[in-house]
Amino acid sequence: MSDYQKHLYLILFPNEALVSSQLTPEEFGMHYSVGSPRHFTGKVIFVEVDINYRHEYFQIDAQLRNTQSGIAGRPKRTKFVKSYRVLEHMDFSALRKLYLVTTDGAVLGLDQDTQPADYGEKSRIRLYQEICPLRLLVASNLDPREFGHYITEETWSKGAPRIFFTQYAIDVEAMVASNEVRGFNMGPLPNVNPTNLPTALKELQDDPSKKTKTVSLNPNLDFVSYKAIKRGFWFSNGSDTIFYRMPDLDELHDKHYSWWRHL
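Engineer: I keep staring at the pattern of salt bridges and nothing clicks. Help me out?
Structural biologist: Any two side chains of opposite charge can pair, so long as their charged atoms come close to each other. One pass over the full model with this rule turns up eight salt bridges. Across the pair R245 and E251 runs a salt bridge whose closest N-O atoms are separated by 3.0 Å. Overall, the relative accessible area of 18% leaves E251 in the buried class. Here the salt bridges share partners, and the residues they tie into one network are D113, R245 and E251.

Engineer: Would you take a moment to explain the sheet that holds strand β12 (residues 229-236) for this structure?
Structural biologist: Through backbone hydrogen bonds, the strands of a sheet pair up, either in parallel or in antiparallel fashion. With antiparallel pairing, seven strands are arranged side by side in an open sheet as β7-β13-β12-β10-β8-β9-β11. Whereas interior strands pair on both sides, the edge strands pair on one side only; in this sheet they are β7 (112-113) and β11 (212-216). Packing against the sheet, helix α3 (residues 144-154) makes contact with β8 (126-132), β9 (137-140), β10 (163-168), β11, β12 and β13 (241-245), and its axis sits at approximately 145 degrees to β10. Across the sheet, helix α5 (residues 196-206) is in contact with β8, β9 and β11; its angle to β11 comes to roughly 175 degrees.

Engineer: So what exactly am I meant to see when it comes to the sheet that holds strand β2 (residues 17-21) here?
Structural biologist: The strand order β4-β2-β1-β3-β5-β6 describes an open sheet built from six strands, whose pairing is antiparallel. In this open sheet, the two strands that pair with only one neighbour each are β4 (79-82) and β6 (107-110). Strand-to-strand twist in this sheet, taken as the mean axis angle between neighbours without regard to direction, amounts to 30 degrees. Note: strand β3 (residues 44-49) against strand β5 (residues 95-101), five bridges, orientation antiparallel. Along β5, the bridge assignment pairs I45 with L100. Along the sheet, helix α1 (residues 25-35) makes contact with β1 (7-13), β2, β3, β4, β5 and β6, crossing β3 at roughly 145 degrees.

Engineer: Would you explain the environment of F92 in this entry?
Structural biologist: Here F92 is to be found in the loop between β4 and β5. A sequence separation of 148 residues divides F92 from D240, and the C-alpha atoms of the two residues are 8.3 Å apart. Not counting residues up to four positions away in its chain, the partners in contact with F92 are L87, R162, F235, S236, N237, D240 and I242.

Engineer: How should I be thinking about the environment of Q112 in this particular structure?
Structural biologist: Relative to the helices and strands, Q112 resides in strand β7. Sequence spacing of Q112 and E146 is 34 residues, and the spatial spacing of their C-alpha atoms is 19 Å. Among the polar contacts made by the side chain of Q112, one reaches the main-chain carbonyl oxygen of L95 at a distance of 3.1 Å. Polar contacts involving the side chain of Q112 include one to the side chain of Y244, which spans 3.1 Å.

Engineer: Mind showing me how you'd approach the side chain of S216 here?
Structural biologist: Looking at the element boundaries, S216 is found in strand β11. Judged by its relative accessible area of 7%, S216 falls in the buried class. At 3.1 Å, the side chain of S216 forms a polar contact with the backbone nitrogen of N218. Aside from chain neighbours lying at most four places away, what touches S216 is L136, L137, N191 and V192.

Rules behind the numbers
- Residues numbered from 1 in each chain as written.
- Predicted model: local features only at pLDDT ≥ 70, side-chain atom pairs only at ≥ 80, totals over all residues.
- Heavy atoms only, no water.
- Salt bridge = Lys/Arg side-chain N within 4 Å of Asp/Glu carboxyl O.
- Buried < 20%, exposed > 50% of the residue type's maximum accessible area, 1.4 Å probe, protein only.
- Pairing = 2+ DSSP bridges.
- Helix = DSSP H or I, 4+ residues; strand = E, 2+ residues; numbered from the N terminus.
- Contact = heavy atoms within 4.5 Å.
- Axes fitted to C-alpha atoms, helices over the stretch in contact; angles between N-to-C directions.
- Polar contact = N/O pair within 3.5 Å; in protein donor to acceptor, adjacent residues only side chain to side chain.

See below:
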């Protein structure tokens, strides 16, 4: 019998998949970011799932039985359970720590937390990065709870049953005002057409009934530092919202220096 403990991990970025593994979260993050021949570069975000979680959509027991490397002294690194519509079938009560992995394999674990004090702050436009299963960069006048509810229950054409997303620490109005688009200006956001953000801002300001405006169809997370994350990350299924707080830069420096220095 193997001495290695088995884990279930829900990968949220760069792909969506439920995998079993005999690697610890730190080992798994390192392997998936720099040790796997199938993923050469970029961030990785995943959450550990309660090993006792079961759902008829997944063949978890069968895959866990096969989570053995067959080589003495070597843990099984990854055994894919499912790579399609995974988050949609995940019970939020089974989610444990969320892990952020840098491009060179440093791993930071985040715990679930209470919502930020300014959660319901109104009269401002936010910039959200949808991460899983949708990948859009979206401007919205909704706060995170409202945004998650809107995407999962109030829109059919642009929504999903469950969503994992974050908010960028960007003052959209100030950014647009100070970055007038000119021929030599590539705009305030990497990998985004510089005219898109001003257009989205104007539409949301001119039409109070409009709740969201897509800024980019391309996921922007690989082009933006973790430093740009505001508050943290949210899971939403409409009725429930789970929040993982992102430490600020001072806290990262003081308490998570080994990860901070990789930013």
